[in-house]
Structures are given as C-alpha cells and as structure tokens.
Amino acid sequence: MKAKIGISDKNRQKVADEWMKIMSDEFILSTKTRNAHWNVEGSDFYSKHEFFQNQFEQLDKIIDQIAERIHMIGHYAPGTLKQFLQLTQLTETKSEKNDGQGFISELLSDHESIIITMRENINRFTNEYQDAGSGDLIVNLIEEHEKMSWFLRSHF
C-alpha cells in the first residue's frame, strides 16, 4: 500500500534515493569497522578490539534506523553487497598495517565524509522535500557520528 504521509511521490523518491546512498556508506563503514575489530594487532589490541566493537554496534543501529525510514516513506532499502558498493562514496581500501592507529585514521576519515554528506541533506530533506521526519533523523545521526568521530580523534 502506498504511503500517504503528506510528502509527494516525487519527493519521497528523492528522499529515499539520498537515504539509500547514506545507508550504503554506513554499511561500508560498519564493515570496515568490523574488519578493524577482527584484525587489529599491537600492544593495545584488547582496548582497540573492544572500542571497534562498540563502534560497529552503534553503526548497525544507525543502519537499521535508516532502513526503517526508507520503508516508512514507502520504499525498500538496499540489501545486497552489490547495491551497497554501487551506491557508496566510500572505498573498501584498508590500511597496509593492522595497527589501531591506521584503522582509526581511515575510519575517522569515513565518518567525517558521512557527516559532510548528511549535513548537505538537512535542509534538502526538511525544506526542499518537505520531510521533517528525515530532517530530524539526519540531525540525530550527525550527532552520533560526531561523537564517534570525537572518540576516534581522541586516540591521536
């Protein structure tokens, strides 16, 4: 059944398209964070292992919120690796060494890239597409990424 929530079909499609890109970025970032969790080495192994686990668990919750938002506005979320790789702006590149600092640097860069993309969509969602719900969600997600970025930066 079609969603009749006060947002035009055209705008719901535009919002869904943007969310799908963001969700794909989140999925790639979560995967890269899991890789760090699984493969980190060094004298600080345990603390970094736990730190990365906390981060990918937060990212998994974010991915779920975005998928639910896409569905709420009447569309289906991407769900295959092929779709995620086609839609993401991030790369799968990983650091040459499996040390905490290398992983942290790379993950921080990806978080900051996602924050910038999200920030570009705040007014677009709320004003241009008339979707205050997506505008509210994206502000909350920016704050979560800013906090995760702060925690990553604190390791330098």
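As the structure is a prediction and not an experimental result, all values here were calculated from the model. (Residues numbered from 1 in each chain as written. Predicted model: local features only at pLDDT ≥ 70, side-chain atom pairs only at ≥ 80, totals over all residues. Heavy atoms only, no water.)

Before we move on, can you summarise the nonpolar core with the specific residues and values?
Within the largest apolar cluster, 37 residues are counted, with the highest numbers of intra-cluster contacts made by Trp-19, Met-23, Phe-52, Ile-66, Met-118, Ile-138 and Leu-141. For this core, the elements supplying multiple residues, two or more each, are helix H1 (9–39), helix H2 (45–72), helix H4 (100–128) and helix H5 (132–153). Here Met-118 is in contact with Ile-22, Glu-26, Ile-138, Leu-141, Ile-142 and His-145, once residues within four sequence places are set aside. (Core = buried A, V, L, I, M, F, W, Y, C linked by side-chain atoms within 4.5 Å. Buried < 20%, exposed > 50% of the residue type's maximum accessible area, 1.4 Å probe, protein only. Helix = DSSP H or I, 4+ residues; strand = E, 2+ residues; numbered from the N terminus. Contact = heavy atoms within 4.5 Å.)

I'd like a description of the packing of H1 against H2, backed by residues and values.
Two numbers describe how H1 lies on H2: the axes approach to 9 Å, and their chain directions differ by 160 degrees. Relative to H2, the element H1 is oriented roughly antiparallel. Taken as a pair, H1 and H2 cross one another with a handedness that is left-handed. Residue classes in the contact of H1 with H2 are distributed as 15 nonpolar, 6 polar and 4 charged. (Axes fitted to C-alpha atoms, helices over the stretch in contact; angles between N-to-C directions. Parallel < 35°, antiparallel > 145°, perpendicular 65-115°, else oblique. Left-handed = near helix turned anticlockwise from the far one by under 90°. Nonpolar A, V, L, I, M, F, W, Y, C, P; charged D, E, K, R; others polar.)

Could you give me a rundown of the side chain of Thr-88, with the residues and numbers involved?
Examined against the element boundaries, Thr-88 turns out to sit in the loop between helix H3 (81–87) and H4. Within the structure, the side chain of Thr-88 is placed 2.6 Å from the side chain of Asp-25, a separation counted as a polar contact. One polar contact links the side chain of Thr-88 to the main-chain amide nitrogen of Leu-90, over a distance of 3.0 Å. In this structure, Thr-88 is in contact with Ser-24, Asp-25 and Ile-28, ignoring residues within four places of it in sequence. (Polar contact = N/O pair within 3.5 Å; in protein donor to acceptor, adjacent residues only side chain to side chain.)

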